[in-house]
Structure formats: C-alpha cells, structure tokens
Amino acid sequence: MTRKEFFARAGFGAASVLVPACISGLALSCSTDGGNSSVAPTNVDFTLDTSTGSLSVDKGYLVSNQIIVARVDASTFIAVSAACTHEGTNVNYVGPSNSFHCPNHGANYSNTGIHLNGPGSANLKQYNVTLTGNSLRVYS
Ligand code: FES
C-alpha cells in the first residue's frame, strides 16, 4: 500500500489537510498586541434621561451611539467610546474599580479611557458630559 492509498482509505483527503490550517488561522485571529480596529465616534452630541433605567442607579451603565456612559454616583457620569481598541468588542463598566473591561480578551481601561493592560495599546476616546436635572448631555 502506498502512502497515498493509506490516506485515501483512512479518509484523509484535501479537507483534512486544510482543517488544521483553518484552526491555526482562527487561533491567530486574536492578536496579543496591536489591533486598534475601532474608530471612536466623532461630532457627538446627544442627551440621555438619567431618571430611569441603567443611569438611574450608581454603577449603572449603557451604550448609546457607540459610546458607553456610566453613572459613578448621583452627580458623576463618565463617557468613553464603547469599542475596545483591540478588536472592537464593546467594553463593560466595572463599578467596583470604576474602570472599563473588555470581555473578549481582557483589555482594561481607566475611567477616562486610558489603556491599562491587556491586548491593544490605544486609549478609548473620552467624551464630555454635563448633567442638568435628569438630562445628561454627552458631547465631543
Ligand atoms: S477585543 Fe480583544 S481585548 Fe477587547
């Protein structure tokens, strides 16, 4: 039996040769550095109601217009671009540490969007916020 016949009888064809390459390609799709595939929104200017929903409670947050807005306490709100600078997954606000975390590969950012550690290296863009009554203006 030739080598070719052995592989043919064992069910190994061209696809079996390609599968490891595909798996390898998937594994490499998560780079450990660089990326920076996200683009922070520009010309931002919108308002949110803080009297109901996530922004009515301390440590609550939401994503609106590709920006993550978090309520630190009744008079302190923060807003940064939501897309992780590694591969664009939306970050979460972590109330206990007052910071942002990407659930995809673990990048961490300060409450002003500074990249602290994990994949990627760029910062999230920080936006201005002004609270008037229950109306929170988010703008660039
Ligand atoms: S997408 Fe990879 S760390 Fe955020």
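Everything quoted here is computed from the prediction, not taken from an experiment. Throughout this document, residue positions are counted from 1 along each chain, in the order its sequence is written. Given that this is a predicted model, residues contribute local features only at a pLDDT of at least 70 and side-chain atom pairs are listed and counted only at 80 or more, while totals for whole chains, interfaces and linings are drawn from all residues. Each side-chain value is derived from all of the structure's non-hydrogen atoms; neither hydrogens nor water enter the calculation.

Chemist: When you look at the packing of aromatic side chains in this model, what are you seeing that I'm missing?
Modeler: Geometrically, a pair of aromatic rings is defined through the distance of the ring centres and the angle of the planes. Whether two aromatic rings pair depends on their centres lying within 6.5 Å, for rings of Phe, Tyr and Trp, where Trp uses its six-membered ring; planes under 30 degrees apart make the pair stacked, over 60 edge-to-face, and the rest tilted. Summed over the entire model, instances satisfying the criterion amount to two aromatic pairs. Consider the rings of Tyr 61 and Tyr 93, whose centres lie 6.2 Å apart with planes at 70 degrees: the pair is edge-to-face. Taken together, the positions of Tyr 61 in strand E2 (residues 61-64) and Tyr 93 in strand E5 (residues 92-94) put the pair 32 residues apart, joining distant regions of the chain. To sort residues, take the accessible area from a 1.4 Å probe on protein chains only and compare it with the maximum for the residue type: under 20% means buried, over 50% means exposed, and anything in between is partly exposed. Exposure remark for Tyr 61: the relative accessible area of 29% places this residue in the partly exposed category. One aromatic cluster in this structure is built from Tyr 61, Tyr 93 and Phe 100. Over the face of the ring belonging to Tyr 127 we find Lys 125, whose NZ or CZ atom lies 5.4 Å from the ring centre. Two limits define a charge over a ring: the Lys NZ or Arg CZ must be within 6 Å of the ring centre, and within 35 degrees of the ring normal. Taking the ring centre of Tyr 139 as reference, the NZ or CZ of Arg 137 above it sits at 4.0 Å. Working definition: helices are DSSP H or I runs of at least four residues, strands are E runs of at least two. Numbering for both runs from the N terminus.

Chemist: Could you clarify how one ought to interpret the sheet that holds E5 in this entry?
Modeler: Hydrogen bonds along the backbone pair up the strands of a sheet, which may run parallel or antiparallel. Note on pairing: DSSP must find at least two bridges between two strands before they are called paired. Taken in spatial order, the four strands make up an open sheet running E5-E6-E7-E8, and their pairing is antiparallel. The strands lining the two open edges of the sheet, one partner per strand, are E5 and strand E8 (115-117). Both strand E6 (residues 99-101) and strand E7 (residues 108-109) contribute to a ladder of two bridges, which runs antiparallel. The residue bridging Phe 100 from the neighbouring strand is Tyr 109, located in E7.

Chemist: Help me understand the nonpolar core, please; the structure alone is not making it clear to me.
Modeler: Generally speaking, nonpolar side chains in soluble globular proteins are found buried as a group. Buried residues of nine kinds, namely Ala, Val, Leu, Ile, Met, Phe, Trp, Tyr and Cys, make up a nonpolar core once their side-chain atoms join them within 4.5 Å. Counting 14 residues, the largest nonpolar core has Ile 68, Val 91, Tyr 93, Phe 100 and Tyr 109 as the members making the most contacts within it. Breaking this core down by element, the ones donating at least two residues are strand E3 (67-73) and strand E4 (76-81). The element contributing the most residues to this core is E3, with three residues. Two residues form a contact once any of their heavy atoms are found within 4.5 Å. With near-sequence residues (within four places) excluded, Ile 68 lies in contact with Tyr 61, Leu 62, Val 63, Ile 78, Ala 79, Val 80, Ser 81, Ala 82, Val 91, Asn 92, Tyr 93 and Phe 100. Among the nonpolar cores identified, the runner-up in size contains eleven residues, and Val 44, Leu 48, Ala 79 and Tyr 127 belong to it.

Chemist: Help me understand the pattern of salt bridges in this model?
Modeler: Opposite charge on two side chains permits pairing when their charged atoms draw close. By convention in these notes, a salt bridge is any Lys or Arg side-chain nitrogen within 4 Å of a carboxyl oxygen on Asp or Glu. For the structure on display, the rule yields two salt bridges. A salt bridge links Asp 45 to Arg 137; the shortest N-O distance between them is 2.9 Å. A residue pair is termed long-range when its members are at least 10 positions apart, and Asp 45 in strand E1 (residues 45-49) and Arg 137 in strand E10 (residues 135-139) qualify at 92 residues. Here Arg 71 and Asp 58 are joined by a salt bridge, their closest N and O atoms 2.8 Å apart. Residue Arg 71 is located in strand E3, and its partner Asp 58 is located in the loop between E1 and E2; the two are separated by 13 residues in the primary sequence.

Chemist: I would appreciate a short explanation of the side chain of Thr 85 in the present structure.
Modeler: Here Thr 85 lies in the loop between E4 and E5. Polar contact is the term for a pair of N or O atoms within 3.5 Å; when the atoms are in protein, one must be able to donate a hydrogen and the other to accept it, and sequence-neighboring residues count only if both atoms are side-chain atoms. For Thr 85, the side chain forms a polar contact with the side chain of Tyr 109, separated by 2.9 Å.

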